[in-house]
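The lines below spell out each chain.
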Amino acid sequence: MDARIVVAGASLGGLRAAEQLRAAGWTGGLTVIGDEPHMPYNRPPLSKEVLAGRAPLASLAFTPKASAADVEWRLGTRIVAARLAERTVELDDGSVMSYGGLVVATGTRPRRLRCPGPLAGRHTVRTLDDARALRDELTRPGVRVVVVGAGFIGCEVAATAVGLGAAEVTVVDPLPLPMVGPLGDLLALVLLKRHEERGVRFLLGGGVAAFAGDDRVTGVVLNDGTTLSADVVVESVGSLANTEWLEGNGLDLTDGVLTDEHLRVGGRPNVVAVGDVARFPNARYDGVPRRVEHWSIPTDSARHAAKVLVGADAGLAPFAPLPTFWSDQHDFRLQSFGAPALGLDDIRVLDGDPDAGDVLVGYHCHEQLVGVVALGGQAAARGAARYRADLLKQPALTA
């Protein structure tokens, strides 16, 4: 391999890739390129502790391991194109950088609503700058907040806004229940009830047609013609993988960048993908390539991909992570291990009572436990963690 590896993306996946490349024995040049001006930082607190004012922004920064102290960081720089056959990437200043190995770690960005109306007063939550701007808005007295999207970020922001004393917090989503995709009906119903008990209003089963206002949003117009008054709108309607810079190389970029079972991209031994942008087959489950936007995936995928890229993968089993996620909302936490979305047709209460207190739910596919989710306090989260070893020992799913 040539003397330099380029890591495209300077968030958690890029940081872990750099660290793991050194751990795997790579001693050559290593450059990490990212479009934000900040060193890698922890994103989950942005929609919770940072918005609530409980975590200073400076506390989010990761400290690179000593082994990666010599890594070159090119921040505030965007990669605009790649020529994989020539082993080069083009930067937004027009310069071209050659590489021997390439790590695709460009992550995702928030999807935006394409509705008529003003842009001012509409927010997403993905970056430090996003969190700063939204906190300034949420702390205004008497603020009325409309959150579009009842997924992870939408529910977290709604809970935070209520905690900050917002006058009104309304969540709009075309689906019938909050977080029903990853949780299924049983826990989604529990989640809805607990949010409503704490002051969040939900308008479900309909979408947004437009945004009212001239220079700044003053309301959200729903598909049925209803207008919700709003001083602040938070758009939480999913994500888009940052893969445009890879176009023209014959890759499958349908949803992220498709990899093989060892995170190699397009059959090239010198290009791997890690983190949210990677669409990989998980050998632990059914082998269907999927993107997994959970906090554990950048670290797990970087560890595997680094060994593959430097040729330290002799006898390495296919990539088979156990996905993990958590979400803090109000005074409770959702804690998950495994792949609950694969077991939505067979959901069973393992412990507790969905109608009161902590509850632990198991998700099954072909009678096999594939995921667990706890909702409640610390005891519930510990209960879910006790199933981690069982989930790791389960055989691979069969079609």
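No experiment lies behind these values; they were computed from the predicted model shown.

Definitions and cut-offs
Residues numbered from 1 in each chain as written. Predicted model: local features only at pLDDT ≥ 70, side-chain atom pairs only at ≥ 80, totals over all residues. Heavy atoms only, no water. Buried < 20%, exposed > 50% of the residue type's maximum accessible area, 1.4 Å probe, protein only. Helix = DSSP H or I, 4+ residues; strand = E, 2+ residues; numbered from the N terminus. Pairing = 2+ DSSP bridges. 1 Å grid on protein atoms, 1.4 Å probe; cavity = no way out; pocket = protein on both sides within 12 Å on 5 of 7 lines; lining within 4 Å. Points joined across faces, edges and corners; volume = space filled by probe spheres on them. Domains from an automatic or database assignment. Contact = heavy atoms within 4.5 Å. Buried area = accessible area lost by both parts, 1.4 Å probe. Salt bridge = Lys/Arg side-chain N within 4 Å of Asp/Glu carboxyl O. Polar contact = N/O pair within 3.5 Å; in protein donor to acceptor, adjacent residues only side chain to side chain. Nonpolar A, V, L, I, M, F, W, Y, C, P; charged D, E, K, R; others polar. Axes fitted to C-alpha atoms, helices over the stretch in contact; angles between N-to-C directions. Parallel < 35°, antiparallel > 145°, perpendicular 65-115°, else oblique. Left-handed = near helix turned anticlockwise from the far one by under 90°. Phe/Tyr/Trp six-rings, centres within 6.5 Å; stacked < 30°, edge-to-face > 60°. Lys NZ or Arg CZ within 6 Å of the ring centre and 35° of its normal. UniProt positions renumbered as here; feature names shortened; annotations may be inferred.

Considering the pairing of strand 24 (residues 332-338)
Counting buried positions along strand 24 yields six of seven residues, so the element is predominantly enclosed. Sheet analysis places strand 23 (residues 324-329) next to strand 24, joined by six bridges and oriented antiparallel. For Asp-328, the partnering residue across the bridge sits in strand 24 and is Arg-333. Linking strand 23 to strand 24, which pair antiparallel, is a turn of two residues; within it His-330 sits at a positive phi near 55 degrees. Both strand 24 and strand 27 (residues 368-376) contribute to a ladder of six bridges, which runs antiparallel. Within the sheet, the bridge partner assigned to Ser-336 lies in strand 27 and is Val-373.

Describing the layout of surface pockets
Its boundaries defined by the atoms lining it, the second largest pocket holds a volume of some 560 Å³. Lining the second largest pocket are 30 residues; nearest its centre among them are Asp-35, Glu-36, Arg-78, Thr-106 and Asn-242. A per-element tally of the lining of the second largest pocket places strand 8 (residues 108-110) first, with three residues.

Examining unusual backbone geometry
A positive phi angle, close to 55 degrees, is found at His-330, a residue other than glycine. Located in the positive-phi region is His-366, a residue other than glycine, with phi close to 55 degrees.

Quick look at the domain arrangement of the protein chain
On domain assignment, one finds that the protein chain holds domain 1 (5-109 + 239-309), domain 2 (112-235) and domain 3 (331-393). Computed over C-alpha atoms only, the centres of domain 1 and domain 3 are separated by 30 Å. Tallying the contact residues gives four residues for domain 1 and six residues for domain 3. When the two sides are added together, the surface that domain 1 and domain 3 hide from each other amounts to roughly 370 Å², 58% of it contributed by carbon and sulfur. Three residues stand out in domain 1 for area buried against domain 3, namely Arg-284, Tyr-285 and Arg-290, and they jointly supply 92% of the buried area on that side. At the junction of domain 1 with domain 3, the criterion picks out zero salt bridges. There are one residue pair in polar contact (both at pLDDT 80 or more) connecting domain 1 and domain 3. Residue classes in the side of domain 1 that touches domain 3 are distributed as one nonpolar, no polar and three charged.

What about the sheet that holds strand 22 (residues 289-291)?
Spatially, 18-21-22 is the arrangement adopted by the three strands of the open sheet, whose pairing is mixed. Strands at the two margins of the open sheet, each flanked by one partner only, are strand 18 (257-258) and strand 22. With two bridges joining them, strand 18 and strand 21 (residues 278-281) adopt parallel strand pairing. When the bridges of strand 21 are listed, Val-257 appears paired with Ala-278.

Details of the side chain of Arg-43
Inspection of the secondary structure puts Arg-43 in the loop between strand 2 (29-34) and helix 2 (49-52). At 3.1 Å, the side chain of Arg-43 forms a polar contact with the side chain of Tyr-41. Reaching out from Arg-43, the side chain makes a polar contact with the backbone oxygen of Arg-126 at a distance of 2.5 Å.

Some points on the packing of helix 1 (residues 12-23) against helix 7 (residues 296-309)
Where helix 1 meets helix 7, the axes come as close as 8 Å, and the angle between the chain directions of the two elements is 40 degrees. If you check the angle between helix 1 and helix 7, you find them oblique. Judged by the twist between their axes, the crossing of helix 1 over helix 7 is right-handed. Here Leu-12, Gly-13, Arg-16, Ala-17, Gln-20 and Leu-21 of helix 1 lie close against helix 7, whose contacting residues are Pro-298, Thr-299, Ala-302, Arg-303, Ala-306 and Leu-309. Within the contact of helix 1 with helix 7, the residues separate by chemical class into seven nonpolar, three polar and two charged.

Focus: the packing of aromatic side chains
All chains considered together, the criterion is met by three aromatic pairs. Ring centres of Phe-152 and Phe-325 lie 5.0 Å apart, and the angle between their planes is 85 degrees; this geometry places the pair in the edge-to-face category. Pair noted here: Phe-152 is in helix 4 (residues 152-163) and Phe-325 is in strand 23, with a separation of 173 residues, a long-range link. The residue whose ring lies beneath Arg-16 is Phe-62, and the NZ or CZ to ring-centre distance is 5.3 Å.

Brief notes about the UniProt feature "domain: FAD/NAD(P)-binding" (unreviewed entry) in the protein chain
Under the present numbering, the feature "domain: FAD/NAD(P)-binding" (unreviewed entry) in UniProt falls on residues 4-289. Across residues 4-289 one finds 20% helix and 30% strand; the C-alpha atoms that close the span lie 29 Å apart.

What about the pattern of salt bridges?
A side chain of one charge can pair with a side chain of the opposite charge when the charged atoms of the two come close. The tally for this structure, following the rule as stated, stands at 25 salt bridges. Several salt bridges converge on common partners, so that one network encompasses Arg-112, Arg-122 and Glu-235.

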